[in-house]
Amino acid sequence: MANVKFHSGRQLPLEMHKVRIVQKLFLPPVEARLRLMNEAGNNTFLLQNKDVFMDMLTDSGVNAMSDLQQSAMLRADDAYAGSETYNRLAAKVRELFHMDYFLPAHQGRAAENVLATAYLKPGDVVPMNFHFTTTKAHITRLGGAVEELIVKEGLEAVNDCPFKGNFDIPRLEALIGKVGAEKIPFVRVEAGTNLVGGQPLSLQNMREVAAVCNRHGIKLVLDASLLQDNLWFIKQREPECRDWPIRRIVDEVAKLFDIIYFSARKLGFARGGGIAIRDKADEVRMKELIPLYEGFLTYGGMSVREMEAIVVGLDETLDEDVISQGPQFIEYMAGELHRRGVPVVLPAGGLGCHINATAFLDHIPQSQYPAGALAAALYIAGGIRGMERGTLSEQRNEDGSERFAELELLRLAMPRRVYTLSQVEYAIDRVQWLYENRRLVGGLTFVEEPSVLRFFFGRLAPVGDWQEKLVAKFRADFGDSL
Ligand SMILES: Cc1ncc(COP(=O)(O)O)c(C=O)c1O
């Protein structure tokens, strides 16, 4: 957002866009929200969108598109093979990352599947600052293991570290020394580290990771799905880059990597994905998997209309007014909640406002999924759909025991340019009310637990009758308000 000062001295995030298409919202009464949450197995993924007032589940594929993206979709070149749309997208990715090759994939996890299938063998280890759910699932499915090497500040909910997504370089060196470079098919850097609160890495840290990889001859891969937020934070927080245009930061980042993959549901503000590749040999290794899993090489499972929107969206990623909107709204929400005493992750990252469920519900044991319970409670309290990012989102250990997450977070994602500040104020208000009534909230237990990615479609039940008590308190406090 541009530098606009308010005469009042109050600094509010100011939208540098106007809204020209709207969608009507509904807020079911609290009694209906209780019923709907239970019909959805207390899993916010299983709610119907029509029953959700503020959908803060994710920013994936639900950001508002610009007029330029919408109009670009009309010129899409429908062809199974050799479409002009593909050429435009490949050229845009090349322009952005300066890599010669581009393979399309239908979304981020599809790119992860191709990458893992091409490079992983049983017993391999993939070091990364932090895992993402689908990344880890593909690596472990192939008999590999993930090693998380994030700096210790990244796993603390509150501190003043500007780059909580950084790699711990000495631990990376030590790991390579221990397992040997030949067991490491690649090192993965995740920009805007999703599961620890959308926290960025510094350009300096990426350079240090690249130097280690170069010394040991290990390939370096960037998951750029959340790069747009990370670029903004580098510009804001890294003194060297303060006066640089975003374009220059992208150049400096991209030149460090051998492969850059992304979910275009996030980067590019549309729906799709892809893999940019520096060397021919890597392209050859992954190329034949695209027609097998995705679709022909010039669409990779994407609609050509979406591909045209991604081309424009990637350009918009270089526009500070566009990429600052999310982080600034998130900073506002986290700051307001913090001011009201609600425990949130600070400094605020990208992607969404993250509530620290461990501190919010310190009476609920991790075995009863405090972040999942908080997600269910917030839907009941306000019709707001967040996403559990804690133990529920983990995979069980091989022996079937729980792997307790380092952080129990409720993520309230901020889809870009979708909600107004008064809607964000409403969300702040309902979270605050819930915090004041937190002792009423109890835990959850699984009634149906899938063995893979259980958070997506597992079903849970409340432990005890806490949800009915929460509804009764809501009625007592809010009268006939929705
Ligand atoms: C960092 C990161 N990597 C990969 C993915 C997977 O992308 P997709 O949802 O398009 O499959 C996501 C999605 O949220 C992500 O945040």
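All of these numbers come straight from a predicted model, not from anything done at the bench. (Residues numbered from 1 in each chain as written. Predicted model: local features only at pLDDT ≥ 70, side-chain atom pairs only at ≥ 80, totals over all residues.)

1. Here's the deal with the overall build of the protein chain
Across its full length, the protein chain carries 19 helices and 14 strands. Against the compact-globule benchmark of 23 Å for 482 residues, the protein chain has a radius of gyration of 22 Å, which places it among compact chains. Dimensions of the protein chain, computed from C-alpha atoms along their principal axes, come out at roughly 65 × 55 × 45 Å. Taken over 482 residues, the protein chain has a buried fraction of 50%. Long-range contacts, defined as pairs at least 24 residues apart, comprise 72% of the intrachain contacts of the protein chain with a sequence gap of at least 6. (Helix = DSSP H or I, 4+ residues; strand = E, 2+ residues; numbered from the N terminus. Rg over C-alpha atoms; globule rule 2.2 N^0.38 Å. Buried ≥ 20, exposed ≤ 12 C-beta atoms within 10 Å, placed from the backbone. Contact = placed C-beta atoms within 7 Å.)

2. A short note on the site of the ligand
With respect to spatial proximity, 14 residues lie near the ligand, and among them Gln107, Gly108, Arg109, Ser225 and Ser263 are the closest. Taken together, the residues that form the shell around the ligand break down as two nonpolar, eight polar and four charged. (Near = placed C-beta within 6 Å. Nonpolar A, V, L, I, M, F, W, Y, C, P; charged D, E, K, R; others polar.)

3. Side note on the environment of Gly274
You can see Gly274 is positioned in strand 8 (residues 273-277). For the pair Gly274 and Ile330, spaced 56 residues apart in sequence, the C-alpha to C-alpha distance is 27 Å. Gly274 has contacts with Val93, Phe102, Leu103, Pro104, Ala105, Ala111, Tyr261, Phe262, Ala264 and Gly300, leaving out every residue within four places of it along the chain.

4. What about the sheet that holds strand 12 (residues 409-413)?
If you walk across this open sheet you meet the three strands as 9-12-11, and the pairing is antiparallel. On the outer flanks of this sheet lie strand 9 (352-356) and strand 11 (387-389), each paired with one strand and no other. For this sheet, the mean angle separating the axes of adjacent strands, direction not counted, is 30°. Relative to strand 12, strand 11 runs antiparallel, the two being bridged by three bridges. When the sheet's bridge partners are listed, Met387 is paired in strand 12 with Arg411. (Pairing = 2+ DSSP bridges. Axes fitted to C-alpha atoms, helices over the stretch in contact; angles between N-to-C directions.)

5. With respect to the nonpolar core
Counting 144 residues, the largest nonpolar core has Ile260, Ile275, Met333, Ile355, Leu374, Ala377 and Leu378 as the members making the most contacts within it. For this core, the element with the most residues is helix 16 (residues 370-382), which contributes ten residues. Looking at which domains feed residues into this core, each of domain 1 (30-59 + 322-478) and domain 2 (67-318) gives three or more. (Core = buried A, V, L, I, M, F, W, Y, C linked by C-beta atoms within 7 Å. Domains from an automatic or database assignment.)

6. Notes on the packing of helix 1 (residues 30-39) against helix 19 (residues 466-478)
Close contact between helix 1 and helix 19 brings their axes to 10 Å; oriented N to C, the two are set at 165°. When the axis of helix 1 is compared with that of helix 19, the two are roughly antiparallel. In this structure, helix 1 meets helix 19 at a crossing whose hand is right-handed. Here helix 1 contributes Val30, Glu31 and Leu34 to the contact with helix 19, which in turn contributes Gln467, Val471, Phe474 and Arg475. The class makeup of the residues in the contact of helix 1 with helix 19 is four nonpolar, one polar and two charged. (Parallel < 35°, antiparallel > 145°, perpendicular 65-115°, else oblique. Left-handed = near helix turned anticlockwise from the far one by under 90°.)

7. A closer look at helix 1
In an α-helix, one turn spans 3.6 residues; hence positions three or four apart end up facing the same way. Along helix 1, the residues that are buried comprise Val30, Arg33, Leu34 and Met37. Axial view of helix 1: buried residues confined to an arc of 105°, hence all on one face. At its buried positions, helix 1 is contacted by helix 16 and helix 19. Once helix 1 ends, the next one or two residues include Gly41, with phi positive near 60°. (Arc of directions from axis to C-beta.)

8. Structural notes on the environment of Ile139
Along the chain, Ile139 turns up in helix 5 (residues 133-141). Note on Ile139: 24 C-beta atoms within 10 Å, which makes it buried. With 24 residues separating them along the chain, Ile139 and Leu115 place their C-alpha atoms 9.4 Å apart. Excluding residues within four positions of it along the chain, Ile139 makes contact with Ala116, Leu120, Val126, Gly144 and Val146.

9. Quick look at the packing of helix 3 (residues 84-97) against helix 12 (residues 304-316)
The geometry of helix 3 relative to helix 12 is characterised by a closest axis approach of 9 Å and an angle of 25° between their N-to-C directions. Classified by the angle their axes make, helix 3 and helix 12 are roughly parallel. At the point where helix 3 passes helix 12, the crossing takes the left-handed sense. Of the residues in helix 12, those in contact with Thr85, Tyr86, Arg88, Leu89, Lys92 and Leu96 of helix 3 are Val304, Met307, Glu308, Ile310, Val311 and Leu314. The residue makeup of the contact of helix 3 with helix 12, split by class, is eight nonpolar, one polar and three charged.

10. Looking at the pairing of strand 14 (residues 459-462)
Burial along strand 14 is one-sided: the face carrying Leu460 and Pro462 is buried and the face carrying Arg459 and Ala461 is not. With four bridges joining them, strand 13 (residues 444-448) and strand 14 adopt antiparallel strand pairing. Among the inter-strand pairings, Thr445 is bridged to a residue of strand 14, identified as Ala461.

11. Some remarks on unusual backbone geometry
In this chain, Leu346 is followed by Pro347 through a cis amide linkage whose omega measures -5°. Of note, Pro347 is situated in the loop between helix 14 (325-339) and strand 9. Of note, the phi angle at Phe269 is positive, near 50°, even though the residue is not glycine. Tracing the backbone shows Phe269 in the loop between strand 7 (259-263) and strand 8. Looking at Phe269, the number of C-beta atoms within 10 Å reads 28, which means it is buried.

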